[in-house]
Amino acid sequence: MGTLVELSPLTRIEGHLGIRLELDGGKVASAYCAGEMFRGFENILRGRDPLDAQQITQRICGVCPISHGLASILAQEQIYNPALTPNGVIARNLILGANYIQSHLIHFYQLSALDFVDVTAILGYHGADPALNDLRDWVSGQRKAGAISPGAPFLPRYAGHYIQDAGLNVGALKHYLQALDMRALAHQAVAIWAGKVPHATALAPGGVTEQVSAKKIAAYAAIIDQLRVFIDTAYLPDILAVATAFPEYFQHGAGPGDFMAYGVFPQEDGFLLPAGRVSHGQAASLDLTKITEQTTHSLFSSPSGLHPTKGQTIPAPRKSGAYSWLKAPRYDNRPQEVGPLARILVAYQAGQAQVREMVDQLLGALGRQPAELNSAMGRHAARAIECKLVAEACARWINQLKPGEPTYADFDVPASGAGAGLIEAPRGALGHWIEIADYRIANYQCVVPTTWNCSPRDDAGVPGPVESSLEGLPVADPQNPLEAARIVRSFDPCLACAVH
Ligand code: NFE
Ligand code: MG
């Protein structure tokens, strides 16, 4: 019997995630990934007016409400068939694009960077930057904040495990603080077309309800310009610095090798980030009928192996052999990794020129091979590349809006129908499946990015992507299993979404 390590709850992620590791000879022999709460949105939706669904489902998450709203809208539009306007489609891209940027920035700086950056480097800072002086005072405990212990939330730190260069550390900490302002700006950009954020009011089947004006175009463009400067001068260089300092994380954290993306950001020539699958380095077909959710190890008594059109959500909190409130989504009975890395690999395989150029450039600068992208560091790199790609696309799309032209098209809601809404949330492939009967929601199922990535074992006992990515990982100190936390955080898990 090896050593058992419980990371519960794992901090600096969204939601309630428990990781259990069984160590043998200083390495992870097996890993279990548990969603530790139930929410029940799929059941809340039943019996309601379908036109409320894009408002209710946005409450699944405050980080990616836009994706849930749009998935719901796309599912409904399969039934209503509104004649979408160009302005409406572009505005949706602008809303989702700015939401991606805020999500990726907060993931790297606020959630992940402190796995690599030494916060205590600030104690040696004696420059003139007021924000950094403030941070130094905070970290050194000179500032008392109510009941919060001195230095929280940054201490304690595990000495010797971080970037050594003081200048790099202090620079990254400055960006950590700036990223908070950048995130606020990105939220403002979302709200220009979405009415508010989180939980946008302007998203509706048929388009968006905000109108286009020259003033809004100018305001959005000015914010995107600022975000692009930050991505180019802070985010990408910091990713390069972290990847250079921790090259071993190109060897750790490989997922199952199967990647899936539904496609996102429609443009005149197809999706900016295309739909598809990559299986062990080869392009593979995507057939949505092959998606099922298995429940043997999930805390549901729902039948296992149902397609989401027939999905059921029956909680069974005391089910024996089950350990997670996530179902186990599978494609053709196999786990799939979803997220920025999946999107970038699918786009790379599809020959998307800008993605190829950015990926080749980054791998060249780091002296890495494309196969090494299937790793913890590969996920961080792909997310940063995608952030730049999306920000540049937002800067193009904003110039395609036509002030005064409609953003919305009306439609009728039939008594019955069924639809699937497939989109890419910041964390990966997101699907909503709706069935309407007698003008009411008869069934609603969400299969969510983190449900794919943090899936428990399936009917055949095959672990989910996060679980298998931890197998074989060396953990030096079971009391401080920092290596495992780094792997899990590279997926950017959101358990609030995953359990929905
Ligand atoms: Ni709560 Fe979400 C994204 C969705 S992750 S963040 O991105 O859908 O499962
Ligand atoms: Mg579901």
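Nothing here was measured: the structure is a model prediction, and the numbers come from that model.

Calculation notes
- Residues numbered from 1 in each chain as written.
- Chains lettered and ligands numbered in written order.
- Predicted model: local features only at pLDDT ≥ 70, side-chain atom pairs only at ≥ 80, totals over all residues.
- Heavy atoms only, no water.
- Helix = DSSP H or I, 4+ residues; strand = E, 2+ residues; numbered from the N terminus.
- Rg over C-alpha atoms; globule rule 2.2 N^0.38 Å.
- Buried < 20%, exposed > 50% of the residue type's maximum accessible area, 1.4 Å probe, protein only.
- Contact = heavy atoms within 4.5 Å.
- Areas by Shrake-Rupley, 256 points an atom, 1.4 Å probe, with all protein chains shown as cover.
- Lys, Arg positive; Asp, Glu negative; His and termini not counted.
- Charge placed at Lys NZ, Arg CZ, Asp CG, Glu CD.
- Donors = N, O, S within 2.8 Å, 3.2 Å for Na, K, Ca; no water.
- Near = heavy atom within 4 Å.
- Polar contact = N/O pair within 3.5 Å; in protein donor to acceptor, adjacent residues only side chain to side chain.
- Nonpolar A, V, L, I, M, F, W, Y, C, P; charged D, E, K, R; others polar.
- UniProt positions renumbered as here; feature names shortened; annotations may be inferred.
- Tetrahedral: all angles 85-135°; square planar, octahedral: opposite > 155°, others 65-115°.
- Phe/Tyr/Trp six-rings, centres within 6.5 Å; stacked < 30°, edge-to-face > 60°.

Draft legend 1. Broad picture of the overall build of the chain. Helix and strand counts for the chain stand at 14 helices and 13 strands. Rg of the C-alpha trace for the chain: 22 Å, near the compact-globule value of 23 Å for 500 residues, within the 12% margin. Expressed along its principal axes, the backbone C-alpha trace of the chain runs to roughly 65 × 60 × 50 Å. The proportion of buried residues among the 500 residues of the chain is 59%. Pairs at least 24 apart in sequence give 72% of the contacts found in the chain among residues at least 6 apart. Carbon and sulfur atoms provide 54% of the accessible area of the chain, an area that totals close to 18,500 Å². The positive charge centre, built from 39 side chains, and the negative charge centre, built from 46, are 3 Å apart in the chain.

Draft legend 2. Expanded view of the coordination of the nickel atom of ligand 1. The protein atoms that coordinate the nickel atom of ligand 1 are C61 (SG), C494 (SG) and C497 (SG), at distances spanning 2.2 to 2.3 Å. Here the iron atom of ligand 1 and the nickel atom of ligand 1 are spaced 3.2 Å from one another, each receiving a donor from C497. With C61 in the loop between α2 (53-56) and α3 (65-80) and C494 in the loop between α13 (482-490) and α14 (495-499), this residue pair connects regions lying 433 residues apart in the sequence. Under the relative-accessibility criterion, C494 is labelled buried at 1%.

Draft legend 3. Seen up close, the site of ligand 1. In the region of ligand 1, the neighbouring residues are C61, C64, H68, A425, P426, R427, L430, V448, P449, T450, C494 and C497. At a separation of 3.0 Å, an oxygen atom of ligand 1 approaches a polar side-chain atom of H68. One of the backbone N or O atoms of T450 is found 2.8 Å from an oxygen atom in ligand 1. Tallied by class, the residues present in the shell around ligand 1 amount to nine nonpolar, two polar and one charged.

Draft legend 4. Structural view of the UniProt feature "binding site: Fe cation" (unreviewed entry) in the chain. Residues given the UniProt feature "binding site: Fe cation" (unreviewed entry) here are C64 and C497. Spanning 434 residues, the named residues form one tight spatial group whose C-alpha atoms are at most 8.4 Å apart. By the element assignment, C64 lies in the loop between α2 and α3. Its relative accessible area of 3% is what places C64 among the buried residues. Non-local contacts of C64, meaning those with residues more than four positions away in its chain, are made with N99, P426, R427 and C497. Structurally, the position occupied by C497 is in helix α14. Its relative accessible area of 3% is what places C497 among the buried residues. With sequence-adjacent residues up to four places away left out, C497 is seen in contact with I60, C61, C64, H68, V448 and T451.

Draft legend 5. Spatial organisation of the coordination of the iron atom of ligand 1. The iron atom of ligand 1 binds to the protein through C64 (SG) and C497 (SG), with metal-donor distances spanning 2.3 to 2.7 Å. Considering all four donor atoms around the iron atom of ligand 1, the spread of angles at the metal, 78 to 173 degrees, places the coordination shape in the irregular class.

Draft legend 6. Expanded view of the packing of aromatic side chains. All told, the structure shown has 15 aromatic pairs when counted by the stated rule. Between F116 and F246 the ring centres are 5.0 Å apart and the planes differ by 65 degrees, which places this aromatic pair in the edge-to-face class. Of this pair, F116 sits in the loop between α4 (86-112) and α5 (130-139) while F246 sits in the loop between α7 (214-245) and β6 (258-267); the two residues are 130 residues apart in sequence, bridging distant segments of the chain. Its relative accessible area of 2% is what places F116 among the buried residues. Seen from their ring centres, W193 and Y220 are 6.3 Å apart, and the 55 degrees between their planes marks the pair as tilted. One end of the pair, W193, is in helix α6 (residues 166-194); the other, Y220, is in helix α7, and 27 residues separate them in sequence. Here W193 matches Y220 in class, with each residue buried. Taken together, F108, Y109, F230 and Y235 form an aromatic cluster joined through their ring pairs.

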